[in-house]
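A look at the structure
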Amino acid sequence: VGTGKSEAEVMRKLLREFGVPDSKIILEPRSLNTLQNAWESLPMLPQDCDEIFLVTSDFHMPRSAYLFEAVFASKDLNISVVQHPARSGCQAVQATSEQQSDKSGVSTINAQSAIVRARNEAHFIKHEVVQIGLLEHIPGVQIPALPQWRLELAQSQIQECMSQLR
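A short tour of the structure in this document, coming up. (Residues numbered from 1 in each chain as written. Predicted model: local features only at pLDDT ≥ 70, side-chain atom pairs only at ≥ 80, totals over all residues. Heavy atoms only, no water.)

What about unusual backbone geometry?
- Even without being a glycine, Asp76 presents a positive backbone phi close to 55°.
- Its location among the elements puts Asp76 in the loop between helix 3 (61–74) and strand 2 (80–86). (Helix = DSSP H or I, 4+ residues; strand = E, 2+ residues; numbered from the N terminus.)

Okay, structure coming up:
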């Protein structure tokens, strides 16, 4: 998030505001990226878990689902990832530099417009998920890539997301 709070803490606060009791909230505070989040979540899952509900922003969902599926496959786990994309809350168009300066405490990436964030996701899915992300984002661990059709599905999903943002 870039504001001195982990994304886990930000989400806990939001869940509390929606009335979710602390006893129902489990935080995974160690990860620094989506792949690490999938990896660090593994020990939290019940032994008989066969599906998870993945909630993240609309533009982040294609990459997130791919990465969670890749982590599960690397451990031979047959866990379905049920996607629940949420509207990002990002502004539709890029803020002017004057508007951005009014956003104290907001990280640079969170000040970007939804379409810019989606374009960045599309680039990352196409050029970095397999080539860099799966190989370097968990120190000492390399996650095998999923079949090519699954990467193409993520690319298609982000393209659809971008068309809806225009």
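What follows continues from the structure just given.
Here's the deal with the pairing of strand 2
- The sheet contact formed by strand 1 (residues 51–57) and strand 2 spans seven bridges and is parallel. Bridge pairing in strand 2 links Leu54 to Gln83. (Pairing = 2+ DSSP bridges.)

Some details on helix 7 (residues 148–165)
- Between its first and last C-alpha atoms helix 7 spans 26 Å; for 18 residues at 1.5 Å apiece the expected length is 26 Å, and the two agree.
- By the burial criterion, the buried members of helix 7 are Arg150, Leu151, Ala154, Ile158, Cys161 and Met162. The arc that holds every buried residue of helix 7, seen down its axis, measures 125°, which confines them to one face. Relative to its buried face, helix 7 has exposed residues pointing more than 90 degrees away, namely Trp149 and Gln164.
- Check the buried side of helix 7 and you find it contacts helix 3, strand 2, helix 5 (114–127) and helix 6 (129–136). (Expected span 1.5 Å × (residues − 1). Buried < 20%, exposed > 50% of the residue type's maximum accessible area, 1.4 Å probe, protein only. Arc of directions from axis to C-beta. Contact = heavy atoms within 4.5 Å.)

Some remarks on a nonpolar patch on the surface
- There is a patch of nonpolar side chains on the surface, built from Met11, Leu14 and Phe18 and spanning about 330 Å² of accessible area.
- By the secondary structure assignment, Leu14 is in helix 1 (residues 7–17).
- By relative accessible area, Leu14 is classed as partly exposed at 35%. (Patch = residues over 30% accessible without salt bridge, like charges linked within 9 Å, V, L, I, M, F, W, Y side chains within 5 Å. Areas by Shrake-Rupley, 256 points an atom, 1.4 Å probe, with all protein chains shown as cover. Salt bridge = Lys/Arg side-chain N within 4 Å of Asp/Glu carboxyl O.)

A closer look at the pattern of salt bridges
- Summed over the entire model, instances satisfying the criterion amount to six salt bridges.
- Between Glu17 and Lys13 there is a salt bridge whose closest N-O contact spans 2.7 Å. You can see Glu17 and its partner Lys13 sitting in helix 1, four residues apart, about one turn around the helix.
- You can call Lys13 partly exposed: its relative accessible area is 47%.
- A salt bridge links Glu40 to Arg30; the nearest nitrogen and oxygen atoms lie 3.5 Å apart. Taken together, the positions of Glu40 in helix 2 (residues 34–41) and Arg30 in the loop between helix 1 and helix 2 put the pair 10 residues apart, joining distant regions of the chain.
- Its relative accessible area of 62% is what places Arg30 among the exposed residues.

Remarks on the packing of helix 2 against helix 3
- At a minimum axis distance of 9 Å, the contact between helix 2 and helix 3 shows a crossing angle of 40°. Between helix 2 and helix 3, the angle is such that the two are oblique. You can see that helix 2 and helix 3 cross each other, and the crossing is right-handed. For the pair formed by helix 2 and helix 3, the contact residues are Thr34, Leu35, Asn37, Ala38 and Trp39 on the first element and Arg63, Ser64, Leu67, Phe68, Val71 and Ser74 on the second. (Axes fitted to C-alpha atoms, helices over the stretch in contact; angles between N-to-C directions. Parallel < 35°, antiparallel > 145°, perpendicular 65-115°, else oblique. Left-handed = near helix turned anticlockwise from the far one by under 90°.)

Looking at the side chain of Glu121
- Looking at the secondary structure, you find Glu121 in helix 5.
- Assessed through its relative accessible area of 8%, Glu121 is described here as buried.

Section: the nonpolar core
- Ranked by size, the top nonpolar core spans 35 residues in total, and within it Ile52, Tyr66, Phe72 and Ile143 carry the most contacts.
- Broken down by secondary-structure element, the contributors of at least two residues to this core are helix 2, strand 1, helix 3, helix 5, helix 6 and helix 7.
- The dominant element in this core, judged by the number of residues it contributes, is helix 3, at eight residues.
- With near-sequence residues (within four places) excluded, Ile143 lies in contact with Leu35, Trp39, Ala70, Val71, Ser74, Leu134 and Ile138. (Core = buried A, V, L, I, M, F, W, Y, C linked by side-chain atoms within 4.5 Å.)

The quantities given are spatial measurements derived from coordinates; they are silent on function.
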